[in-house]
Amino acid sequence: MLPRELLSLLTLLCAFRLSASVVDEDDDYELMYVNLDNEIEGPAPAAEEAASCDCQREHSKWDKLFIMLENSQMKENMMLQALDELPRLELQTLRAELSQLATTLAGTVTTVTSRVASQVEQALLRSRDQAEQARRLQESEQGKVLEHVLQLSHNVSARLGWLESAWHGRAEEQAQQTALQQDKQHGSRGDSPILSSLWKELQQTRAELRASQQWAAQHLLPAGCETAILFPMRSRKIFGSVHPTSAMTLSSFTACIWLKVTEALDKTIVFSYGTRFNPYEIQLYLSRASAVLAVGSAQHKLAATNVVVPGKWLHLCGSWSSENGSASLWAQGELAASAWHVAGAHTIPDGGILQLGQEKNGCCVGGGFDEALAFSGKLTGFNLWDRVLSPAEVTAQSTGDTCGTRGNVVGWGVTEVLPYGGAQYVS
């Protein structure tokens, strides 16, 4: 190795300097020669002296020099050996520390993983408990409805039996009166109390049936609709994402939906469709007691007033055609508003986002939407056609099997509609 050779050369140079210093101080010195075998040649002693000297010869200066060189070489070897062993010890120490760090990290990862698994399990348990509680509440409500209907049927049956008995009694009485040949006028006056009692019973039965129908209409879904989406509150994170069955490139359309709003503000979105360039391509929203249909922009709109009642089911249909800009709004199967030149010659482009309960333009920094625009309540029976339906077809959507007829662009029960942020399907 180059460092070892350099160290040997420096040691040899120092030794020679030391020897030169020693030689200069001695006046009587003899010239010596160093051969290649590092042996020192000097003047040959006389034979007589060699023979006669039996004492141990003292170390000469050159002997001392080479002893010093050997000691320096040994020290050099010891230093090199120590330098070789030092990285090995450091490596072993570093390996032990890395092993300890890996053990610590493994324990930490195991602890974190167990905590995450525990939290996920707890969240799943809470979700299952909430779903079970909702199912029990729904079953209880359905049981109350059935019990009420059965009680009403029992009352109607009892009253019908009473009416039948009354009519039989009246027939027997008339037979007796005919046999006795009583006066007809007197007989007609006798009929008045019985007929009045029957009329009162029929009126009471009709009122109870009407009240039962109203109660069922508030607690049950519209006829033919098996499921609805519940928006439990106004929230910037609650909405429904609709994935149309076909392209949304439309020159005309009809959209129908059942809704029961908890509270309608100045602008409460029922559904909206918008693109990156125009978030107001289609919007159906509520404004207090009014329903508003906007096409192409927020300025091109049509409003139907005094049609929204919070807490009651409402069927809305909006239609539009670009040919002459005709637009119509229907409420409960009846025409509520119409206008011309609403976004005439406009074509709704494909590639946008169709949402329930929020508008695309409501997205704000940090995620979510505008809470003030959010819908709260229930929505069901959302259908969209790429044409203008006839008045008879619109009326049929609000009566009978309302969810049985489905749109060709969006069909309720067929098209994928995904709730987010707390919205959920209920039946």
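Relevant structure appears above.
Residues numbered from 1 in each chain as written. Predicted model: local features only at pLDDT ≥ 70, side-chain atom pairs only at ≥ 80, totals over all residues. Heavy atoms only, no water.

> Help me understand the pattern of salt bridges in this model?
Side-chain pairs of opposite charge can arise where the charged atoms are in close proximity. In total, this model carries four salt bridges according to the counting rule given. A salt bridge links Lys-267 to Glu-359, with the shortest nitrogen-to-oxygen separation between them at 3.3 Å. Taken together, the positions of Lys-267 in the loop between strand 5 (252–261) and strand 6 (268–274) and Glu-359 in the loop between strand 13 (353–356) and strand 14 (377–385) put the pair 92 residues apart, joining distant regions of the chain. Accessibility expressed as a relative area gives 21% for Lys-267, which makes it partly exposed. In this structure, Glu-393 engages Arg-387 in a salt bridge whose closest nitrogen and oxygen atoms are separated by 3.2 Å. With relative accessibility at 31%, the residue Glu-393 sits in the partly exposed group. Taking relative accessible area as the criterion, Arg-387 reaches 36% and is therefore assigned partly exposed. (Salt bridge = Lys/Arg side-chain N within 4 Å of Asp/Glu carboxyl O. Helix = DSSP H or I, 4+ residues; strand = E, 2+ residues; numbered from the N terminus. Buried < 20%, exposed > 50% of the residue type's maximum accessible area, 1.4 Å probe, protein only.)

> Help me out: how do you make sense of a nonpolar patch on the surface in this one?
Where nonpolar side chains cluster on the molecular surface, the patch consists of Leu-94, Leu-98, Leu-101 and Leu-105 and spans about 380 Å² of accessible area. Along the chain, Leu-101 falls in helix 3 (residues 61–180). Look at Leu-101 and you get partly exposed, because its relative accessible area is 46%. (Patch = residues over 30% accessible without salt bridge, like charges linked within 9 Å, V, L, I, M, F, W, Y side chains within 5 Å. Areas by Shrake-Rupley, 256 points an atom, 1.4 Å probe, with all protein chains shown as cover.)

> What should I look at first to understand the sheet that holds strand 8 (residues 290–295) in this one?
Strands in a sheet are paired, the pairing made by backbone hydrogen bonds, and the direction either parallel or antiparallel. Strand order in the open sheet formed by seven strands is 9-8-7-6-13-4-15, and the pairing between neighbours is antiparallel. Two strands in the sheet have a free side with no partner beyond their single neighbour: strand 9 (301–304) and strand 15 (416–420). The mean angle between the axes of side-by-side strands here comes to 20°, regardless of whether they run parallel or antiparallel. Pairing between strand 6 and strand 13: four bridges, direction antiparallel. When the sheet's bridge partners are listed, Phe-271 is paired in strand 13 with Leu-356. (Pairing = 2+ DSSP bridges. Axes fitted to C-alpha atoms, helices over the stretch in contact; angles between N-to-C directions.)

> Would you mind going over the pairing of strand 4 (residues 239–243) with me for this structure?
Consecutive side chains along a regular strand alternate between the two faces of the sheet. The buried count for strand 4 comes to four of five residues, which makes it a mostly enclosed element. Note: strand 4 against strand 15, five bridges, orientation antiparallel. Following the sheet pairing, Val-242 is matched in strand 15 by Val-417. In terms of strand pairing, strand 4 meets strand 13 through three bridges, oriented antiparallel. If you follow Gly-240 over to strand 13, its bridge partner there is Leu-356.

> Help me understand the nonpolar core, please; the structure alone is not making it clear to me.
Burial of nonpolar side chains together is a common tendency in soluble globular proteins. In terms of nonpolar packing, the biggest core is built from 52 residues, with Phe-253, Leu-259, Phe-271, Leu-286, Leu-356 and Phe-382 touching the most fellow members. Broken down by element, this core gets its largest block of residues, six residues, from strand 5. Counting six residues, the second-largest nonpolar core is a separate cluster that includes Cys-256, Trp-330, Leu-389 and Val-394. (Core = buried A, V, L, I, M, F, W, Y, C linked by side-chain atoms within 4.5 Å.)

> Sorry, what's going on with the sheet that holds strand 11 (residues 326–331) here?
The strand order 12-11-10-5-14-3-16 describes an open sheet built from seven strands, whose pairing is antiparallel. In this open sheet, the two strands that pair with only one neighbour each are strand 12 (334–339) and strand 16 (424–426). Strand-to-strand twist in this sheet, taken as the mean axis angle between neighbours without regard to direction, amounts to 25°. Summarising the sheet, strand 10 (residues 314–321) and strand 11 pair through six bridges and their orientation is antiparallel. Within strand 11, the position partnered with Cys-317 by the bridge is Trp-330.

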